[in-house]
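Observations on the model geometry
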Amino acid sequence: MTRSQKLFQHAQHFIPGGVNSPVRAFRSVGGTPLFFRRGKDATVWDADGNSYIDYVGSWGALIVGHSHPDVIKAVERAAGKGLSFGAPTEAEIEMAELLCRLVPSLEQVRLVSSGTEATMSAIRLARGFTGRAKIVKFEGCYHGHADSLLVKAGSGALALGQPSSAGVPAGTAANTIVLDYNNADALQQAFERHGDAIAAVIVEPVAGNMSLVAPRPGFLESLRKLCTGHGAVLIFDEVMTGFRVSLAGAQGLYGIKPDLTTLGKVIGGGLPVGAFGGRRDIMQKVAPLGPVYQAGTLSGNPVAVAAGLATLKLIQAPGFYDRLATVTRRLCEGLSAAARRYAVELSATSVGGMFGLYFRETPPTSYAEVMECDRDAFNHFFHAMLAEGVYFAPSAFEAGFVSAAHGDAEIQKTLDAAGRVLVELKAAN
Ligand code: KE4
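Criteria and thresholds
Residues numbered from 1 in each chain as written. Predicted model: local features only at pLDDT ≥ 70, side-chain atom pairs only at ≥ 80, totals over all residues. Heavy atoms only, no water. Axes fitted to C-alpha atoms, helices over the stretch in contact; angles between N-to-C directions. Helix = DSSP H or I, 4+ residues; strand = E, 2+ residues; numbered from the N terminus. Parallel < 35°, antiparallel > 145°, perpendicular 65-115°, else oblique. Left-handed = near helix turned anticlockwise from the far one by under 90°. Contact = heavy atoms within 4.5 Å. Nonpolar A, V, L, I, M, F, W, Y, C, P; charged D, E, K, R; others polar. Disulfide = S-S within 2.5 Å. Phe/Tyr/Trp six-rings, centres within 6.5 Å; stacked < 30°, edge-to-face > 60°. Buried < 20%, exposed > 50% of the residue type's maximum accessible area, 1.4 Å probe, protein only.

Observations concerning the packing of helix H14 (residues 375-387) against helix H15 (residues 408-428)
Relative orientation of the contacting elements H14 and H15 amounts to 135°, with a least axis distance of 10 Å. As summarised for this structure, H14 and H15 are arranged oblique, according to the angle between their axes. For the pair H14 and H15, the crossing hand works out as right-handed. Taking contact as the criterion, the partners of Ala377, His380, Phe381, Ala384 and Met385 in H14 are, on H15, Thr414, Ala417, Ala418, Val421, Leu422, Glu424, Leu425 and Ala428. Looking at the contact of H14 with H15 residue by residue, the class counts come to 10 nonpolar, 2 polar and 1 charged.

Written out as structure tokens, the structure reads:
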């Protein structure tokens, strides 16, 4: 037995499914989840000492790579002064001011400790601001595990085949309207039918939880226009795309200004930080100023904020996103070329530093097309690449992430391994 297998066996006695988040359990791809022991730059080591090029990066948070010295130093400095106060600290103002400067639509922002807290709070705020109850989300999009958002959700819920969770009361789910991602007509009809009852539309401006699905031209624009026309709050869930697809997130990349934005992952640099923010008139409704209650013991935690600030400083380096996008594109073009060379139905595409791998002829543009992907082929590819020392997300329904620490050597090693694996995959079919 490997050490990961032993640890997994032990973990399952005390932790449901042996993991603290379902997607880590490898239930979608099969086999035993890897237990990691160390990470440095673009590499992680498992409990058996095996090393892997890491394309998960803590689900996108580690955009500057594992254990970046600047981030570690900032964390050590902050921790030495105290781990938490439950009272305001100066660093929280610096973080809030920086987020408002970098994210076009942010006039005010509140820090929380996870992406789920951010989206849950943004939904409650939109309902409090409009006095309306209904929300619109899109099938295959995942916005964390708050009740009203666990309806036809993506990510781990999709991977486990439970897009709508048990425990969510029918009355709650009834207020969540689920539409097809990239289908502007369906949105138009939903507003014609429920327009004055819709508090908010929440969307991943680039979907990353049914693997990567980019917005069709005009889709985000139609969301903006319909929300404005019907007095609904447009929420861009940029927990994944924020500081991932550009320095100004997807809203900067596509030039659309949402009313509220949720953030996470990168802004914590690997430590627990989330945020929600946007129009000042909406944010004024948040306690203690307004009637919408929201709170958190560790919100704005000084050690987590220090990791986030150090990360946000590094990503402002000139050319950071050009290089990240170039390296990510090189990975995708190399994989697509290998698929053509070996006549395997594999396609890949990227937006900034995030990418999607699909076992289908062309990248999907909708949830239905994602469902056409060959999951068995993905699972075979996943495990074969793991054996080659390359760690992709353990699910066909997750995007992949490149960090600033990934360079030509990592990409070439990945493409060489993919060539060997695709030859073997073709032979096996
Ligand atoms: P957290 O509560 O997991 O910090 O964030 C929830 C969330 C919200 N919005 C978007 C767009 C997200 O992608 C996420 C979380 N992403 C998943 C990965 N697809 C987290 C991994 C996991 O669930 O373990």
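Still more to cover.
Comments concerning the state of the cysteines
Applying the stated criterion to the full structure yields 0 disulfides. Left without a disulfide partner, Cys332 is nearest to the cysteine sulfur of Cys373, which lies 14 Å away.

A closer look at the packing of aromatic side chains
As enumerated under the stated definition, the model contains 15 aromatic pairs in all. Note on Phe26 and Phe382: the rings are 5.3 Å apart at their centroids and 85° apart in plane angle, and the pair reads as edge-to-face. In this pair, Phe26 is assigned in the loop between helix H1 (3-14) and strand E1 (36-40) and Phe382 in helix H14, connecting sequence segments 356 residues apart. Take Phe26: its relative accessible area is 2%, and that puts it in the buried class. An angle of 80° between the planes, with centres 6.1 Å apart, marks the rings of Phe355 and Phe392 as edge-to-face. Taken as a pair, Phe355 in strand E12 (residues 354-358) and Phe392 in the loop between strand E13 (390-391) and strand E14 (400-401) lie far apart in primary sequence, 37 residues in all. For Phe392, a relative accessible area of 3% puts it in the buried group. The structure contains a cluster of three or more aromatic residues connected by ring pairs, namely Phe26, Phe36, Tyr52, Phe378, Phe382 and Tyr391.

So, unusual backbone geometry
Omega for the peptide link from Ala287 to Pro288 comes to 5°, which places this bond in the cis form. Even without being a glycine, Phe26 presents a positive backbone phi close to 65°. The backbone of Asp41 shows a phi angle near 55°, a positive value even though the residue is not glycine. For Asp41, a relative accessible area of 37% translates into the label partly exposed.

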